[in-house]
Amino acid sequence: MSNTTTQSALMSTYNRFPIKLVKGKGSYVWDENGKKYLDYTSGIATCNLGHVPDSVQVKLKEQIDLLWHCSNLYEIPNQENLAKILTENSCLDNVFFCNSGAEANEAAIKLAKKYAKDQGKPNRTEIVTFKHSFHGRTGTTMAATAQEKIHQGFTPLTSGFRYLPYNDFAALEAINNGNTTAVLLELVQGEGGVHPAYIDWVKQLESICKENDILLMLDEVQTGIGRTGTLFAYQQYGIEADVITLAKGLGSGVALGAMLAKEAVAYSFQPGTHGSTFGGNPLATSAGLATMETILQEDILANVVENSEWLLEELKRLKQAFGNIVDVRGLGFLIGIEMMDDVGTWISRFREKGILVLSAGAKTLRILPPLTTTKEELEYFMNVFQELLSDFKEDNV
Ligand SMILES: *Cc1c(COP(=O)(O)O)cnc(C)c1O
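Calculation rules
Residues numbered from 1 in each chain as written. Predicted model: local features only at pLDDT ≥ 70, side-chain atom pairs only at ≥ 80, totals over all residues. Heavy atoms only, no water. UniProt positions renumbered as here; feature names shortened; annotations may be inferred. 1 Å grid on protein atoms, 1.4 Å probe; cavity = no way out; pocket = protein on both sides within 12 Å on 5 of 7 lines; lining within 4 Å. Helix = DSSP H or I, 4+ residues; strand = E, 2+ residues; numbered from the N terminus. Buried < 20%, exposed > 50% of the residue type's maximum accessible area, 1.4 Å probe, protein only. Contact = heavy atoms within 4.5 Å. Pairing = 2+ DSSP bridges. Near = heavy atom within 4 Å. Polar contact = N/O pair within 3.5 Å; in protein donor to acceptor, adjacent residues only side chain to side chain. Areas by Shrake-Rupley, 256 points an atom, 1.4 Å probe, with all protein chains shown as cover. Nonpolar A, V, L, I, M, F, W, Y, C, P; charged D, E, K, R; others polar. Axes fitted to C-alpha atoms, helices over the stretch in contact; angles between N-to-C directions. Domains from an automatic or database assignment. Salt bridge = Lys/Arg side-chain N within 4 Å of Asp/Glu carboxyl O.

**Q** I would appreciate a short explanation of the UniProt feature "binding site: N(2)-acetyl-L-ornithine" (unreviewed entry) in the chain in the present structure.
**A** Mapped onto this numbering, the UniProt entry annotates "binding site: N(2)-acetyl-L-ornithine" (unreviewed entry) at Arg137 and Ser276. Of the annotated positions named here, the second largest pocket is lined by Ser276. With respect to the secondary-structure elements, Arg137 resides in the loop between strand 5 (126-130) and helix 5 (139-144). What makes Arg137 exposed here is its relative accessible area of 61%. Here Ser276 lies in the loop between helix 8 (263-266) and helix 9 (282-297). Ignoring any residue separated from it by four or fewer positions in sequence, one finds Ser276 in contact with Asn72, Phe96, Phe97, Cys98, Asn99 and Glu103.

**Q** So what exactly am I meant to see when it comes to the pairing of strand 3 (residues 36-39) here?
**A** On any regular strand, side chains alternate: one points to one face of the sheet, the next to the other face. Sheet analysis places strand 2 (residues 28-31) next to strand 3, joined by three bridges and oriented antiparallel. From the neighbouring strand, Trp30 faces strand 3, where its bridge partner is Lys36. Where strand 2 hands over to strand 3, the hairpin turn is made up of four residues, of which Gly34 adopts a positive phi near 85 degrees. Note: strand 3 against strand 15 (residues 355-356), two bridges, orientation parallel.

**Q** Could you clarify how one ought to interpret the site of the ligand in this entry?
**A** Around the ligand sit 13 residues in total, of which Gly101, Ala102, Asp219, Gln222 and Lys248 are the nearest. Phe134 places a polar main-chain atom, nitrogen or oxygen, 3.2 Å from a nitrogen atom of the ligand. Surface burial for the ligand is 81%, taken as the share of its 390 Å² of free accessible area covered by protein chains. Sorting elements by how many residues they give to the shell around the ligand places helix 4 (residues 101-118) first, with three residues. Partitioning the shell around the ligand into residue classes produces three nonpolar, six polar and four charged.

**Q** Looking at this model, I keep getting lost on the side chain of Ser27. Mind explaining?
**A** Mapped onto the elements, Ser27 comes out in the loop between strand 1 (21-25) and strand 2. If we skip the residues at most four places from it in the chain, Ser27 touches Tyr37, Leu38, Asp39, Pro370, Thr373 and Glu377.

**Q** I keep staring at unusual backbone geometry and nothing clicks. Help me out?
**A** If a residue is not glycine, its phi is most likely negative; likewise, a peptide bond is most likely trans. A cis geometry characterises the amide bond from Thr155 onward to Pro156, with omega recorded as 0 degrees. By the secondary structure assignment, Pro156 is in the loop between helix 6 (148-151) and strand 6 (161-164). Look at Val52: it is not a glycine, yet its phi comes out positive at around 45 degrees. Secondary-structure assignment places Val52 in the loop between helix 1 (42-45) and helix 2 (54-64). We classify Val52 as partly exposed; its relative accessible area is 40%.

**Q** Can you walk me through the sheet that holds strand 17 (residues 364-367) in this structure?
**A** What links the strands of a sheet is backbone hydrogen bonding, and the strands pair in either a parallel or an antiparallel sense. Ordered in space as 13-14-17-16, the four strands form an open sheet in which the pairing is antiparallel. Each edge of the open sheet carries a strand with a single partner, namely strand 13 (325-331) and strand 16 (358-359). Packing against the sheet, helix 10 (residues 300-321) makes contact with strand 13 and strand 14 (334-339), and its axis sits at approximately 170 degrees to strand 13. Contacting strand 13, strand 14 and strand 17, helix 12 (residues 375-391) crosses the sheet at an angle of about 5 degrees to strand 14.

**Q** Before we go on, may I ask you to explain the domain arrangement of the chain in this structure?
**A** Note: interface size is frequently given as the accessible area lost on complex formation between the parts. Per the domain assignment, the segments making up the chain are domain 1 (1-21 + 31-39 + 301-366 + 383-397) and domain 2 (54-297). Domain 1 and domain 2 are separated by 28 Å when their C-alpha centres are compared. On the side of domain 2, 18 residues touch domain 1, which itself brings 15 residues to the contact. Summed over the shared surface of domain 1 and domain 2, the number is one salt bridge. With a shortest N-O distance of 3.1 Å, Arg366 and Glu191 are connected by a salt bridge. Inspection of the region where domain 1 meets domain 2 yields five residue pairs in polar contact (both at pLDDT 80 or more). Mapped by element, the contributors of at least two residues to the side of domain 1 that touches domain 2 are helix 10, strand 13, strand 14 and strand 17.

Encoded structure:
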């Protein structure tokens, strides 16, 4: 067997950008040659406090010297404390810990099915999800994801999901067909192009769920942990959920996911119904605990609200001035900029200027600054964007 520099031992699941990142602090990462980048991807909405935040680093180092893992057969104080913080700061009562967003959604989907049976409604086996959603890459969460390109090649899909159009008022009537146990919804579709849900639409959806005893399950894997300016996005919609799933920002980059539920629903998970070897182990929950304490103690959410409003306004100003920008959308620091032309080219242009950004779909740039980013960093980003737009101005505008 040989391994050349062009041939990797890794599977080709990613088209990787040609830089090797070796260090990070705050809003910045460095590559192996010492080149510094402003990271406005935050590891895909994961490093919400920036890279290697001091408060989490200290707690992780302490925990490294104590205990990493012991299995969920024993009581884990960090896990108890993190669950307490999450439930005290949300409308949910109980928490199940896992390692990723897909696993959190898997847990929610299992819980919804079990809940229907426990309610004496065994015919209720269907879960409604929405077109252009993203719920994960496992067999079941891929089926929950209503995007054909993600299903391609992986049939037969797990059954039991019904897809409705997003932000479509008429489609709400189709939610309850007598067999529906739950709705699984992103309040801002992240991977699907950064589309926030309309407040009125979500409120109507909530009413329909309540009237028909259908569980409202919010996939806050990307929108949660302060990303949108409130701890959870649902808090800006004037609604309550029966279930919320979390992951990305919860552990500041240490793998940690969670599924939160109201007590009456959580009751359907009893010993033997669900579990995870690693889920919520002492090391991961020490990172989760420090992350949550930091977000709640310091004025981080206020920074998101204030600076994201400024950023959105500035981006809309650029849209007026440059024909390359089709639309600007978002909530808090989850921002989509739909471009006229290929988004991959824009990502490369930013990278050459030392700024990392993402895509969401074929035409949309996705900007995910750390929640701690400063006004100066945002101004730098805007100056570079304006320069790039001037250099590559659409000729026909
Ligand atoms: C990223 C994401 C997931 C999947 O999370 P993983 O940790 O990659 O399994 C699920 N739902 C949403 C909304 C996401 O953004």
